[in-house]
Amino acid sequence: SAAAQADNWRYAHEEYEGDVQDVFAYAFKEYIEENSDHSVQVYRFGELGESDDIMEQTQNGILQFVNQSPGFTGSLIPEAQIFFIPYLLPTDEETVLTFFDESKAINEVFPELYAEQGLELLKMYPEGEMVITTDEPISSPEDMNNKKIRTMTNPLLSETYDAFGATPTPLPWGEVYGGLQTGIIDGQENPIFWIESGGLYEVSPHLTFTGHGWFTTAMMANQDFYEGLSDEDKELVQEASDAAYDHTIEHIKGLAEEALAKIQRKDT
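In this report, the structure presented in the accompanying data block is examined. (Residues numbered from 1 in each chain as written. Predicted model: local features only at pLDDT ≥ 70, side-chain atom pairs only at ≥ 80, totals over all residues. Heavy atoms only, no water.)

### Some words on the side chain of Thr133
Then comes step 1: Structurally, Thr133 can be placed in strand E4 (residues 119-134).
Then comes step 2: A residue is classified by how much of its surface remains accessible, and Thr133, at 0% relative accessible area, is buried.
Then comes step 3: Polar side-chain contacts of Thr133 include one of 2.8 Å to the side chain of Ser204.
Then comes step 4: With residues near it in sequence (within four places) discarded, Thr133 still touches Asp186, Gly187, Gln188, Ile195, Ser204, His206 and Leu207. (Helix = DSSP H or I, 4+ residues; strand = E, 2+ residues; numbered from the N terminus. Buried < 20%, exposed > 50% of the residue type's maximum accessible area, 1.4 Å probe, protein only. Polar contact = N/O pair within 3.5 Å; in protein donor to acceptor, adjacent residues only side chain to side chain. Contact = heavy atoms within 4.5 Å.)

Below, the structure is given as structure tokens:
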């Protein structure tokens, strides 16, 4: 019977409740649960550790699904760092969304690279334009000189901030707020909704829109798990990923403006 085939799948991501990856995860969960007897358990940031931990757990088959941004996957899949080459990708929303839909690299090349690491890449999607926050206003490139900017642990990202004149300082996400507060770091970069939801503007109040890139993320499955699914369940997972993608793209439209308005309101 179908009930005998009902599984509980575990899915972890890197963000908090209501953030973009959480919106994607819950849309995926909802689709799976409405269209099958399976259930999906979602784990948010910190519940199973940091980004590296959840990737390891997925590769070991403890988790079935994981959402990890290429910024962290860069050490595993060096090619994934291409998303962090500054000024390479479009930054206006409409062009970005078209790019994700039509890019051959995203839809054909990357799935093969992830497969080499035992991962079934299901979706890459954008979260928002990267914004730099600092302790002091940045109005010219010189103002970046020697600023200790927190970046994800990613060689290419470090090179970028070196080129900007700053001192790239990798720190785990859990230590960023405290680091900004105590002056261990002078600034950081993230999409604006994340700056708002994480309260980073409280300790790093100057926002600089440099237009150097969008934050990209990726959702994937453990490949052994995926390949062991029935054709029907594989199709279900693909359809749920598509549905979650469409839902999330709608969600991020206008999200940055909304988050900025919230920050400005709290600032006055």
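Now, onward.
### Regarding the pattern of salt bridges
Two side chains that carry opposite charge are able to pair once their charged atoms sit near each other.
Then comes step 1: For the structure shown, the criterion picks out 9 salt bridges.
Then comes step 2: Between Lys29 and Glu33 there is a salt bridge, with the nearest N and O atoms lying 3.0 Å from each other. Separated by 4 residues within a single helix, Lys29 and Glu33 lie in helix H1 (residues 20-35), roughly one turn from each other.
Then comes step 3: Across the pair Glu196 and Lys266 runs a salt bridge, and its minimum N-O distance is 2.7 Å. Residue Glu196 is found in helix H8 (residues 192-197), and its partner Lys266 is found in helix H11 (residues 255-267); the two are separated by 70 residues along the sequence.
Then comes step 4: A relative accessible area of 13% places Glu196 in the buried class.
Then comes step 5: Relative accessible area serves as the criterion here: at 49%, Lys266 is assigned to the partly exposed category.
Then comes step 6: By sharing partners, the salt bridges in this structure join Glu17, Asp22 and Arg44 into a single network. (Salt bridge = Lys/Arg side-chain N within 4 Å of Asp/Glu carboxyl O.)

### Things to note about the packing of aromatic side chains
Then comes step 1: Under the counting rule described, the total for this entry stands at 16 aromatic pairs.
Then comes step 2: Ring centres of Tyr16 and Phe45 lie 5.4 Å apart, and the angle between their planes is 70 degrees; on these two criteria the pair is classed as edge-to-face. A residue pair is termed long-range when its members are at least 10 positions apart, and Tyr16 in the loop between strand E1 (8-12) and H1 and Phe45 in the loop between strand E2 (39-43) and helix H2 (51-59) qualify at 29 residues.
Then comes step 3: Centroid distance Tyr16 to Trp194: 5.3 Å. Interplanar angle 35 degrees. Geometry classified as tilted. In this pair, Tyr16 sits in the loop between E1 and H1 while Trp194 sits in helix H8, placing the two residues 178 residues apart along the sequence.
Then comes step 4: Residue Tyr16 is classed as partly exposed on the basis of its relative accessible area of 34%.
Then comes step 5: Take Trp194: its relative accessible area is 6%, and that puts it in the buried class.
Then comes step 6: Among the aromatic residues, those joined into a cluster by ring pairs are Trp9, Tyr11, Phe28, Phe65 and Phe225.
Then comes step 7: Cation over ring: Lys123 sits above Tyr245, and NZ or CZ is 5.2 Å from the ring centre. (Phe/Tyr/Trp six-rings, centres within 6.5 Å; stacked < 30°, edge-to-face > 60°. Lys NZ or Arg CZ within 6 Å of the ring centre and 35° of its normal.)

### Quick look at the nonpolar core
Then comes step 1: Ranked by internal contacts, the top residues of the largest apolar core, which has 71 residues, are Trp9, Phe28, Phe65, Tyr114, Met124 and Val237.
Then comes step 2: Ignoring anything within four residues of it in the chain, the contact list for Trp9 reads Ile32, His38, Ser39, Val40, Gln41, Gln64, Phe65, Phe225, Leu229, Asp233, Leu236 and Val237.
Then comes step 3: Within the second largest apolar cluster, 6 residues are counted, among which are Ile132, Ile138, Met144 and Ala166. (Core = buried A, V, L, I, M, F, W, Y, C linked by side-chain atoms within 4.5 Å.)

### Regarding the environment of Gly179
Then comes step 1: Residue position: Gly179 is located in helix H7 (residues 176-182).
Then comes step 2: Under the relative-accessibility criterion, Gly179 is labelled buried at 2%.
Then comes step 3: Here the alpha-carbon distance between Gly179 and Gly49, two residues 130 residues apart in the chain, equals 19 Å.
Then comes step 4: Residues in contact with Gly179, not counting those within four places in the same chain, are Ile184 and Ile185.

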